[in-house]
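Spelled out, the chains give:
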Amino acid sequence: TKVTNDETVTKPKKELTATQKARIERNRQKALLLRQSRLSQQQLLGTKTTTGCSRVIDTGGGFLLEENPDVKPRKLNRVEEPAPVIAGDDSICLECDKPFQDSYLLTTYDHQVCDKCRDPEEKHSVITKTEARETYLLSEVDITKREPILKYVVRKNPHNRRWGDMKLYLRLQIEERALEVWKTPEALEEERDSREQKREIAKKKKFNKNMKKLRQEVRSSLFEVKSNVHTHVFGPEIQSETDEDIYTKTCIECDHQITFEKM
Ligand SMILES: [Zn+2]
Ligand SMILES: [Zn+2]
């Protein structure tokens, strides 16, 4: 069999001149240089723009080519930049308008009030989560999930250590939240009234239901007492063998015996 080889086919073509050979060689060298420079550029770019597994390659055509388009680029391990430092990093107190560095209310509840203005008895008093739910008709979600998430302090329950921890919220913030949920204090009041009414109705219904049940029970127990009263069913009267005036008769159901005189 005859093997056709490209080389053997092209070989018989006319010989290249020295000038032609030289030009080809120059072009080859140029191309090689170009390729090399492009490669090193790619490597440079590659190390700079590596995102996860895929590498972005500069095609040189004005757009970037992703080497592994199937692989989703992983999230870049971005380094969170520290929050910009505000000059002096002081907070301004909401009560006295004076700058302050740090305070109990700020660190505990994110509430910008200095320690001098803190009023734990009145304005900055705390309430438990249960109290917040009942007084301001807030749901668990309203208190714990709604943004901004309200901060709380955990305390042991003073009434009973086994009842678990109490979560103490800043009343002021709970009131703000309630206003967010109910829009106006009047709406909250209305809802509270309507719930109170419903509770009253439910209470009455339950009371009436219990009364009815009680009456039924009394009636049926009276009925049972009545039906339990036994009426003797006496058998034949039997004359005494020793005294002919004395008779006895026995209940055929309970063996109760009575003796009587018959003249
Ligand atoms: Zn203050
Ligand atoms: Zn009887």
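Our subject is the structure that appears above.
Since we're looking at a predicted model, the values are computed, not measured.

Asker: Is there a simple way to think about the overall build of the protein chain in this case?
Answerer: Summing up its helical and strand segments, the protein chain has seven helices and 10 strands in all. Of all 263 residues assigned to the protein chain, the portion counted as buried reaches 17%. The contacts of the protein chain with a sequence gap of at least 6 include a subset with a gap of at least 24, amounting to 33%. Put simply, the protein chain shows about 22400 Å² of open surface, and 53% of that area lies on carbon and sulfur atoms.

Asker: Looking at this structure, I do not really get the coordination of the zinc ion (ligand 1). What am I missing?
Answerer: Any two of four tetrahedral donors ideally make an angle of 109.5 degrees at the metal, while pairs among six octahedral donors ideally make 90 or 180 degrees. The coordination sphere of the zinc ion (ligand 1) contains the protein donors Cys93 (SG), Cys96 (SG), Cys114 (SG) and Cys117 (SG), at a distance range of 2.2 to 2.4 Å. Viewed at the metal, the four donor atoms of the zinc ion (ligand 1) are separated by angles of 102 to 117°, and the geometry they form is tetrahedral. On the basis of relative accessible area, Cys93 is assigned to the buried category, the value being 1%.

Asker: Please explain the coordination of the zinc ion (ligand 2) as it appears in this structure.
Answerer: Surrounding the zinc ion (ligand 2) are the protein donor atoms His230 (NE2), His232 (ND1), Cys251 (SG) and Cys254 (SG), which sit 2.0 to 2.4 Å from the metal. Coordination at the zinc ion (ligand 2) is tetrahedral, judged from the four donor atoms that bind it and the angles of 98 to 122° they form at the metal. When the donors of the zinc ion (ligand 2) are listed by position in the chain, the intervening gaps give H-x1-H-x18-C-x2-C. On the accessibility criterion, Cys254 (36% relative accessible area) is partly exposed.

Asker: What should I look at first to understand the packing of aromatic side chains in this one?
Answerer: Think of a pair of aromatic rings as described by two things: how far the centres are apart, and how the planes are tilted against each other in angle. For the coordinates displayed, the defined rule picks out two aromatic pairs. Their ring planes at 20° and their centres at 6.1 Å tell us that Tyr247 and Phe260 sit as a pair that is stacked. With a gap of 13 residues between them, Tyr247 in strand S9 (residues 246-250) and Phe260 in strand S10 (residues 257-261) connect regions that are remote in the sequence. Judged by relative accessible area, Tyr247 falls into the buried class, the value being 17%.

Asker: Where do I start with the sheet that holds strand S8 (residues 238-239) in this structure?
Answerer: In a beta sheet, neighbouring strands pair by backbone hydrogen bonds and run either parallel or antiparallel. With respect to topology, three strands assemble into an open sheet ordered S8-S9-S10, the strand pairing being antiparallel. Only two strands of the sheet have a single partner each, and these edge strands are S8 and S10. Where S8 meets S9, two bridges bridge the pair, whose relative direction is antiparallel. Each residue of the ladder has a partner; that of Gln239, found in S9, is Tyr247.

Asker: Looking at this structure, I do not really get unusual backbone geometry. What am I missing?
Answerer: Among all residues except glycine, the phi angle is most often negative; among peptide bonds, the trans geometry is most common. Following Glu147, the chain continues to Pro148 via a peptide bond in cis, the omega torsion being -10°. Here Pro148 shows up in the loop between helix H5 (140-144) and strand S6 (153-156). The phi torsion at Leu137 lies on the positive side, around 50°, for a residue other than glycine.

Asker: What's the story with a nonpolar patch on the surface in this structure? I'm lost.
Answerer: Nonpolar side chains collect at one region of the surface, where Phe207, Met211, Leu214, Val218 and Leu222 lie side by side and expose about 480 Å² of accessible area between them. Tracing the sequence through the fold places Met211 in helix H7 (residues 185-228).

Asker: In this structure, what is going on with the environment of Asp245? I would like to understand it.
Answerer: Tracing the sequence through the fold places Asp245 in the loop between S8 and S9. Along the sequence, Asp245 and Lys262 sit 17 residues apart, while their C-alpha atoms lie 5.2 Å from each other. With residues up to four places along the chain from it excluded, the contact list for Asp245 reads Phe260, Glu261, Lys262 and Met263.

Asker: How should I be thinking about the pairing of S10 in this particular structure?
Answerer: Where burial is concerned, little of S10 is hidden: zero out of the five residues are buried. Examined bridge by bridge, S9 and S10 share five bridges and lie antiparallel to one another. Bridge pairing in S10 links Thr250 to Gln257. Here S9 folds back onto S10 in antiparallel fashion, the turn holding six residues, of which Asp255 has a positive phi close to 65°.

Asker: Which parts of the structure should I look at to understand the side chain of Ser103?
Answerer: Here Ser103 is to be found in the loop between strand S4 (99-100) and helix H3 (104-109). Look at Ser103 and you get buried, because its relative accessible area is 4%. At 3.1 Å, the side chain of Ser103 forms a polar contact with the backbone nitrogen of Leu106. Contact partners of Ser103, with chain neighbours within four places excluded, come to Val113, Cys114 and Asp115.

Asker: Where do I start with the packing of helix H4 (residues 129-136) against helix H6 (residues 171-182) in this structure?
Answerer: Two measures define how a pair of helices packs: the angle their axes make with one another and the distance between the axes. Direction vectors running N to C along H4 and H6 enclose 40°, while the axes themselves pass 11 Å from each other. Crossing angle aside, the handedness with which H4 passes H6 is right-handed. Here H4 contributes Glu131, Ala132 and Tyr136 to the contact with H6, which in turn contributes Arg171, Ile174, Glu175, Ala178 and Trp182. Residues belonging to the contact of H4 with H6 are distributed by class as follows: five nonpolar, no polar and three charged.

Reading the values: rules and limits
Residues numbered from 1 in each chain as written. Chains lettered and ligands numbered in written order. Predicted model: local features only at pLDDT ≥ 70, side-chain atom pairs only at ≥ 80, totals over all residues. Heavy atoms only, no water. Helix = DSSP H or I, 4+ residues; strand = E, 2+ residues; numbered from the N terminus. Buried < 20%, exposed > 50% of the residue type's maximum accessible area, 1.4 Å probe, protein only. Contact = heavy atoms within 4.5 Å. Areas by Shrake-Rupley, 256 points an atom, 1.4 Å probe, with all protein chains shown as cover. Donors = N, O, S within 2.8 Å, 3.2 Å for Na, K, Ca; no water. Tetrahedral: all angles 85-135°; square planar, octahedral: opposite > 155°, others 65-115°. Phe/Tyr/Trp six-rings, centres within 6.5 Å; stacked < 30°, edge-to-face > 60°. Pairing = 2+ DSSP bridges. Patch = residues over 30% accessible without salt bridge, like charges linked within 9 Å, V, L, I, M, F, W, Y side chains within 5 Å. Salt bridge = Lys/Arg side-chain N within 4 Å of Asp/Glu carboxyl O. Polar contact = N/O pair within 3.5 Å; in protein donor to acceptor, adjacent residues only side chain to side chain. Axes fitted to C-alpha atoms, helices over the stretch in contact; angles between N-to-C directions. Left-handed = near helix turned anticlockwise from the far one by under 90°. Nonpolar A, V, L, I, M, F, W, Y, C, P; charged D, E, K, R; others polar.

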